[in-house]
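Take a look at the letters that make up each chain.
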Amino acid sequence: MALLREHGAEAKVLAGGQSLVPLLNYRLARPRLVVDINGLPLAGVRVENGSLHLGALTRHHELEDLSEIGRSTPLLPEVARLIGNVRVRSLGTLGGSLAHADPAAELPMAIVALDARLTLASASGRRTVAAREFFTGYLSTALGADELVTAIEVPVTEGMGWAVEEFARRAGDFAVVAVAAGVSLDRRGRVDDARLALAGVADRPLRATAAEDSLRGHEPSGERLARAAEIVRERLDPQSDAFVSGAYRRLLAGVLTRRALARAIPEGETSQPRPQGATVPLLSAQLARPAVSPRRPAASPPPEASPQRSAWGGGLVINGRAREVDVRPGQTLLEVLRDTLGIFDVKEGCGEGVCGACTVLLDGRPVSSCLTLAAAARGRAILTIRGLEREGRLHPLQEAFVRHGAVQCGFCTPGMLLTTLAFLERHPRASREEVRAALEGNLCRCTGYAKILDAVLAYVRGDDGDG
Ligand SMILES: Cc1cc2nc3c(=O)[nH]c(=O)nc-3n(C[C@H](O)[C@H](O)[C@H](O)COP(=O)(O)OP(=O)(O)OC[C@H]3O[C@@H](n4cnc5c(N)ncnc54)[C@H](O)[C@@H]3O)c2cc1C
Ligand code: FES
Ligand code: FES
């Protein structure tokens, strides 16, 4: 905070880096100083006095996975699953997403729907700001240049059902439009409270209070929900852009509002048919299943590259080996691995976190090395595809890729393998659909996904090969 006070707008805070590093890579931001806050104790999560308290450094994947978050505030895991890809969710933080304030981002919309409060701190003291007052315009917030978001307090809304619906052009893209809805019913089955927030329709996340008011005190009939959606649509005037027209955004906002409201009505209370399967979160089935090891226990990274933080803090720890290396400020891990150390099994594709070619495991989680500052990876366990080799032999998953014709090019395969291994480590009995969802953020331009899925499934089943 002293550095931020001294350097003001010339300093930039680094949290997950998933918005800041692309800006640095494209020279759209050229701060004199980057202040890495990852060492600060801002990652705690607790439920206390009717509120969920989240540190600003809570990662997107923690919002997805931590049971205390899911139990108290089910909207947060549901929106977190829609953010970018698995690598973005490994590093991206709640505080970073709120401070960045992209109007199409899911978390700003969610905290506006949840009536959260943010704690902002500077060298001069602390203050709290309501989520609805925090966002002031396009990529703009109430944060002063010397202030940090340190914590987010979310009132727990017991008895309220939540749902989010969004439309994006491609899995992992920012939403064109997203809607978060919350509904609670009184004992007579009438709407007691309703929340509606939207992203992608204005320069900041919006609360649709008139539509909320139209629901309170009424039965949540199909007609009532349709009327609320119409009110939302009527009051919006979204901009057109290179992707879609303003008129299309308005239309989407109405359709998604109706769907989100229908799903948010607490179980057993709806007076209209609930869309089939819509309330089942993507990963619920496998999360409920006890963890069972696959026949081949080979999903673990090799012992020397175990996902523990290395005690050695002076350089990079790559495939279990400490490497002393000079790192320039602003250099990405990808640049240092390839250009400085000549580790070419890490590939460069898009350079902006989308394709997955540059995937490495950092402390056991997949990250885009093109969006990770090398300095921020110091002393952490970095695993590249070469690190899977054991005594000159391929890893069994690599062998399965070879057997099933899944090694289609050298660019995508390393990222596919590392992402799969990290996923199977936590979900060893994953189904084809679950593997497909886990690999959504690894793009193959030749569209040969079927063989990749065949290979992974054969490995999961422990098939020993069919020649
Ligand atoms: C390929 C890709 C796809 C993505 N898709 C989506 C998506 O679908 N939906 C979505 O919502 N997001 C998406 N994102 C963005 C992602 O969610 C980012 O993680 C998030 O916007 C920024 O969080 P961060 O922790 O990475 O912040 P950083 O990138 O580290 O920082 C972002 C900004 O916030 C400031 N900042 C960070 N933390 C603080 C703090 N505690 N206090 C004050 N200022 C702070 C930084 O100085 C910087 O200006 C995507 C990103 C990528 C690369
Ligand atoms: S995700 Fe890093 S190069 Fe494409
Ligand atoms: S595997 Fe690389 S383009 Fe398909």
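Everything below is about the structure shown above.
Since we're looking at a predicted model, the values are computed, not measured.

Caption draft 1: Just the sheet that holds strand β5 (residues 117–122), in detail. Taken in spatial order, the five strands of this open sheet run β3-β4-β9-β5-β6, and their pairing is antiparallel. Each end of this open sheet is capped by a strand with a single partner; those strands are β3 (45–48) and β6 (125–130). The mean inter-strand angle of the sheet, taken between neighbouring strand axes irrespective of direction, is 20 degrees. Where β5 meets β6, six bridges bridge the pair, whose relative direction is antiparallel. Following the sheet pairing, Leu120 is matched in β6 by Arg127.

Caption draft 2: The site of ligand 1, seen in detail. Close to ligand 1 lie 32 residues, the nearest being Gly16, Gly84, Gly92, Gly96 and Ala105. Among the secondary structure elements, those contributing two or more residues to the shell around ligand 1 are β1 (11–14), α2 (20–25), α7 (94–100), α8 (106–113) and β9 (148–155). Per element, the largest residue contribution to the shell around ligand 1 is five residues, and it comes from α7. Here the residues of the shell around ligand 1 sort into 17 nonpolar, 13 polar and two charged. Shared between two domains, the shell around ligand 1 holds at least three residues of each, these being domain 1 (1–157) and domain 3 (303–461).

Caption draft 3: Examining the pairing of strand β12 (residues 191–199) more closely. The element β12 is largely enclosed, with a buried count of seven among its nine residues. Bridging between strand β11 (residues 177–185) and β12 involves eight bridges; their strand directions are antiparallel. Among the inter-strand pairings, Val179 is bridged to a residue of β12, identified as Leu198. Linking β11 to β12, which pair antiparallel, is a turn of five residues; within it Gly189 sits at a positive phi near 85 degrees. Sheet topology note: the β12/strand β13 (residues 206–207) ladder contains two bridges and is antiparallel. Directly across from Ala197, in β13, lies its bridge partner Arg207.

Caption draft 4: Structural context of the pairing of strand β2 (residues 33–36). Sheet topology places β1 next to β2; four bridges connect them, and they run parallel. Its bridge partner being in β2, Leu14 is matched across the sheet by Asp36. In this fold, the crossover linking β1 to β2 by way of α2 has right-handed handedness.

Caption draft 5: Representation of the sheet that holds β12. In space, the four strands of this open sheet follow the order β10-β11-β12-β13, with antiparallel pairing throughout. On the outer flanks of this sheet lie β10 (161–167) and β13, each paired with one strand and no other. Here α8 sits on the sheet in contact with β11, β12 and β13, set at roughly 155 degrees to β12. On the sheet, helix α12 (residues 246–264) packs against β10, β11 and β12 and is oriented at approximately 30 degrees with respect to β11.

The rules behind the values
Residues numbered from 1 in each chain as written. Chains lettered and ligands numbered in written order. Predicted model: local features only at pLDDT ≥ 70, side-chain atom pairs only at ≥ 80, totals over all residues. Pairing = 2+ DSSP bridges. Helix = DSSP H or I, 4+ residues; strand = E, 2+ residues; numbered from the N terminus. Axes fitted to C-alpha atoms, helices over the stretch in contact; angles between N-to-C directions. Near = placed C-beta within 6 Å. Nonpolar A, V, L, I, M, F, W, Y, C, P; charged D, E, K, R; others polar. Domains from an automatic or database assignment. Buried ≥ 20, exposed ≤ 12 C-beta atoms within 10 Å, placed from the backbone. Right-handed = clockwise from strand over helix to strand, strands pointing away. Contact = placed C-beta atoms within 7 Å.

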